[in-house]
Structure formats: structure tokens, C-alpha cells
Amino acid sequence: MAVEIFYDDDADLSIIQGRKVAVIGYGSQGHAHSLSLRDSGVDVRIGLPEGSKSRAKAEEQGLRVLTPAEASAEADLIMILAPDTKQRFIYEQDIAPNLKDGDALFFGHGFNIRYDLIKPPANVDVAMVAPKGPGHLVRRQFVDGKGVPALIAVEQDASGNAQALALSYAAAIGGARAGVIKTTFTEETETDLFGEQAVLCGGASALVQTGFEVLTEAGYAPEIAYFEVLHELKLIVDLMYEGGIARQRYSISDTAEYGDLTRGPRVISPAVKEEMKKILGEIQDGTFAREWVAEDEAGRPNFTKLEEQGNQHPIEATGKKLRDLMSWVDRPITETA
Ligand SMILES: NC(=O)C1=CN([C@@H]2O[C@H](COP(=O)(O)OP(=O)(O)OC[C@H]3O[C@@H](n4cnc5c(N)ncnc54)[C@H](OP(=O)(O)O)[C@@H]3O)[C@@H](O)[C@H]2O)C=CC1
Ligand SMILES: CC[C@](O)(C(C)=O)C(=O)O
Ligand SMILES: [Mg+2]
Ligand SMILES: [Mg+2]
């Protein structure tokens, strides 16, 4: 199906500049949206609970910080950028009691609407602006005069103007410099979850760790294995980003390209594709969402254990040692934002 792509010339920035925006949460996406909205001339306040560790960061940037309930009451557009598993509680307690006729409720990802965890009233616009990239890069690219592409969606159009409002918001955070595609909450949620699980995060992390294990278990130096399967991956992906897989194949040697063409499909075999289809099915039928919500409610025992196992993987210590010697590699985002 053909999609419509919008750019800065299609967006009217004055629409979002005429609204009072509350951004609930000031993490990866929250800080990026808030700072870029402010830099685009939008009236922004941040909603964070008393005692939130994000409060100091937002205040250091000169932003006005209120509680989520106060921010929601004051604003006429509320963007929820708190963790997906916490949003329904914040909505019930702080946002719903403060929603007025004509307000707009915005999301950065469709999880809570797609899986019926939040059910907004009929008198408000419900829309989404979902950047297709990590929040810290959404902000970095905005500052550099570039932009990360974004998806917009309208679930409920009470005002009759929700799409123009979402496009205006997307433009204010730099999305329309790169391209904004209109989609639905369902399509965004399912493709985003699939992308992060099978390819971008789950697939890529497991591919790198497994490649590192195969080389080091065969007796090769961990430093060489790290450069080979992790550091150089960025340089290869940079070529794909610039010109697709064909551009990457143009730049690498013929030997590498023959290995790519003949061995790649053996690594990502038909069995892997079948597993990817199963993963997509679990997203579509709600299995993954139910599992994740239950895991969070139980205090994230499995999440914590697996995260710790990942941190202890030998590639992390090797990588830290090597990155410390490369002054041009950006410091970890956790130390800079
Ligand atoms: N990370 C990303 O790049 C992307 C995220 N998204 C979506 O954006 C949304 C936000 O995700 P992300 O930016 O990763 O979130 P983060 O985990 O980075 O940040 C969450 C923020 O919410 C705050 N918070 C926690 N509890 C509450 C509460 N009760 N009330 C108000 N604020 C609270 C946290 O504060 P504290 O410091 O106190 O914990 C923190 O500032 C999600 O819907 C996600 O799917 C979409 C695209 C990409
Ligand atoms: C790829 C992970 C992501 O979907 C993102 C940065 O776009 C997320 O949820 O963080
Ligand atoms: Mg994403
Ligand atoms: Mg995501």
C-alpha cells in the first residue's frame, strides 16, 4: 500500500506553537521532545512525580517541572513519554481527571492504545508522534539541523484537526526534516515491537554476541573479535544507511560480497525466518504484551536477570577497554543526558 510522506513544507508549525504542551516523563524521548519543542517556540511544561530523579535534569535545562497532574491540568496537549508499562497508572491517576473538552492526548508509541490498556474519553483527540530512532539521537539530530523520521497516527479525531496537530508536533521535533509517515496505532505498535525484537535490538545483539563467542571460543583474541563483529558493524551499517545494502556491497571487497551472498542466508536461515514469524504472531495476538505487563507487575525478575547476564557477557569488558582508548567515540549516553 502506498504511503503518504510529509515534510516541513506540509506542516504548519503555528498549530503546535498555539498549544500548551505537557510532556509526561523526561527520559530518552521525553527530554528530546521537550527541548526541541521549546527550541521550536512551543510552550512546554514537564510532568514528573515529586522525587523523580529526572526532575533535576529537566530543571537544569531551564524547563518548568510540575507534577504529572498539575502539568496535565495546565496543558491542552498531553504527550505521555513515561515507560509503556507505567502509562496506564499515570493516565488513570493524573491525566484522566484533568482532561477537558478539546484536549489532545498524545503518545510516542501505540502500546497502551493497541492493547486496550488506556481507554480515552470521546471528547479528546488521541494521536501519536513516534520517532523512528532513540531519543538521544532524535535530540542530537535536531540540534545538528537534521531529523529522525517519525510516524504519526490518529486514533480519535474529536477536533477534526488531529492530523494537522500531530504533523505540526512532529515537525517541531525535527521529524518532518526527514519525513513523516501517516500510519495507525496498530501498524506502528506491531512493526515497532517486531523491529526492536527481531532485528534492531534482539536480533542484532544476539548476532553480535554469538559471533564474538564463536571467534573467542575458537581461540582468537577478544580484541580482534570485538573490532570484527561489533565496532565494524557500525561502519557497515553506516553504508547501508547511506545507500542501502547495495551501497554496502559496492564498498566491501568482492571476497566479502561473495561471503555475504552465500553465507548470510545460512546464518539467517529459513528456520530463523520461521522464528521471526512466530515472534510477529505473538505481537499480533497480544501474547508478548500480556507477558511484558505481567513481568513488570511481578517486579521484572526475568528482565533484571537477563539484563545482568548481558552486562556480564565478555564482549562488554573487552569493548569498554578498547573504547576508552578511542577518544572520538561518544561517551555513553547515560553520562551525557
Ligand atoms: N527510548 C526511545 O528512544 C523510544 C521510546 N519510545 C516510546 O516513548 C515512551 C517513553 O519511553 P522512553 O523515553 O524510553 O522512557 P525512559 O524510560 O527513558 O524515561 C521514562 C521517563 O518517565 C519518567 N516516569 C517514570 N514514572 C513516571 C510517572 N509515574 N509519572 C511521570 N513520569 C514518570 C521517568 O522518570 P524517573 O527518572 O523518575 O524514572 C523518566 O523520566 C514509551 O512509550 C516508548 O515506547 C518511542 C520511540 C523510541
Ligand atoms: C528500537 C527500539 C525503539 O523502538 C526505538 C528506539 O525506536 C524503542 O522502543 O526504544
Ligand atoms: Mg522504535
Ligand atoms: Mg519501541
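Residues numbered from 1 in each chain as written. Chains lettered and ligands numbered in written order. Predicted model: local features only at pLDDT ≥ 70, side-chain atom pairs only at ≥ 80, totals over all residues. Heavy atoms only, no water.

Named according to an unreviewed UniProt entry, the chain is Ketol-acid reductoisomerase (NADP(+)) originating from Amycolatopsis plumensis.

Draft legend 1. Geometry of unusual backbone geometry. In the Ramachandran plot, D116 falls in the positive-phi region, its phi being about 60° despite a non-glycine side chain. Checked against the element boundaries, D116 lands in the loop between α6 (111-114) and β7 (125-131). Of note, R300 is a non-glycine position whose phi angle comes to about 60°, a positive value. Within the secondary structure, R300 is located in the loop between α15 (287-297) and α16 (301-311). According to the relative accessible area criterion, R300 is partly exposed, its value standing at 22%. (Helix = DSSP H or I, 4+ residues; strand = E, 2+ residues; numbered from the N terminus. Buried < 20%, exposed > 50% of the residue type's maximum accessible area, 1.4 Å probe, protein only.)

Draft legend 2. Spotlight on the coordination of the magnesium ion (ligand 4). The coordination sphere of the magnesium ion (ligand 4), as far as protein atoms go, consists of D192 (OD) and E196 (OE), spread over 2.0 to 2.1 Å. Between the two metals, the magnesium ion (ligand 4) and the magnesium ion (ligand 3), the spacing is 3.5 Å, and D192 donates to both. Taken together, the residues D192 and E196, both in helix α10 (residues 185-200) and four residues apart, mark about one turn of the helix. (Donors = N, O, S within 2.8 Å, 3.2 Å for Na, K, Ca; no water.)

Draft legend 3. Quick look at helix α8 (residues 162-172). Among the eleven residues that make up α8, nine are buried, leaving the element largely enclosed by the rest of the structure. Taken residue by residue, α8 has A162, L165, A166, L167, S168, Y169, A170, A171 and A172 as its buried positions.

Draft legend 4. How the structure looks around the packing of aromatic side chains. One pass over the structure, following the stated rule, counts five aromatic pairs. Relative to F185, the ring of F107 has its centre 6.1 Å away and its plane inclined at 80°; by these criteria the two rings are edge-to-face. A residue pair is termed long-range when its members are at least 10 positions apart, and F107 in strand β6 (residues 104-107) and F185 in helix α10 qualify at 78 residues. Taking 5.1 Å as the distance between ring centres and 65° as the angle between the ring planes, the aromatic pair formed by F111 and Y115 counts as edge-to-face. One exposure class covers both F111 and Y115, and it is buried. It is R177 that lies over the ring of F142; its NZ or CZ is 4.5 Å from the centre. Taking the ring centre of F303 as reference, the NZ or CZ of R300 above it sits at 4.9 Å. (Phe/Tyr/Trp six-rings, centres within 6.5 Å; stacked < 30°, edge-to-face > 60°. Lys NZ or Arg CZ within 6 Å of the ring centre and 35° of its normal.)

Draft legend 5. Just the site of ligand 1, in detail. Surveying the vicinity of ligand 1 reveals 25 residues, the closest of which are Y26, Q29, S52, S54 and D84. One of the backbone nitrogen or oxygen atoms of S28 is found 2.9 Å away from an oxygen atom of ligand 1. Note that an oxygen atom of ligand 1 is positioned 2.6 Å from one of the side-chain N or O atoms of S52. Alone, ligand 1 offers 900 Å² of accessible surface; in the complex the protein occludes 75% of this. Breaking the shell around ligand 1 down by element, the ones donating at least two residues are α2 (28-39) and α5 (87-95). Broken down by class, the residue content of the shell around ligand 1 amounts to eleven nonpolar, twelve polar and two charged. (Near = heavy atom within 4 Å. Polar contact = N/O pair within 3.5 Å; in protein donor to acceptor, adjacent residues only side chain to side chain. Areas by Shrake-Rupley, 256 points an atom, 1.4 Å probe, with all protein chains shown as cover. Nonpolar A, V, L, I, M, F, W, Y, C, P; charged D, E, K, R; others polar.)

Draft legend 6. A look at the site of ligand 2. For ligand 2, the full set of nearby residues is G133, P134, D192, E196, L200 and C201. Within the side chain of D192, an N or O atom sits 3.1 Å from an oxygen atom of ligand 2. A distance of 2.6 Å separates an oxygen atom of ligand 2 from a polar side-chain atom of E196. Summarising the interface, the protein chains cover 63% of the accessible area of ligand 2, which totals 280 Å² for the free molecule.

Draft legend 7. Layout of the sheet that holds β7. As summarised here, the arrangement of the nine strands in space is β1-β9-β8-β7-β6-β5-β2-β3-β4, forming an open sheet in which the pairing is mixed. Looking at which strands have only one partner, the edges of the open sheet turn out to be β1 (5-6) and β4 (64-66). Inspection of the sheet shows β7 paired to strand β8 (residues 150-156) by six bridges, in the antiparallel sense. Bridge pairing links M128 to A153 in β8. Of the strands in this sheet, β6, β7, β8 and β9 (180-183) touch α10, which is tilted by about 30° from β7. (Pairing = 2+ DSSP bridges. Contact = heavy atoms within 4.5 Å. Axes fitted to C-alpha atoms, helices over the stretch in contact; angles between N-to-C directions.)

Draft legend 8. Structural view of the pairing of β8. Sheet topology note: the β8/β9 ladder contains four bridges and is parallel. Opposite A153, over in β9, you have T183 as the bridge partner.

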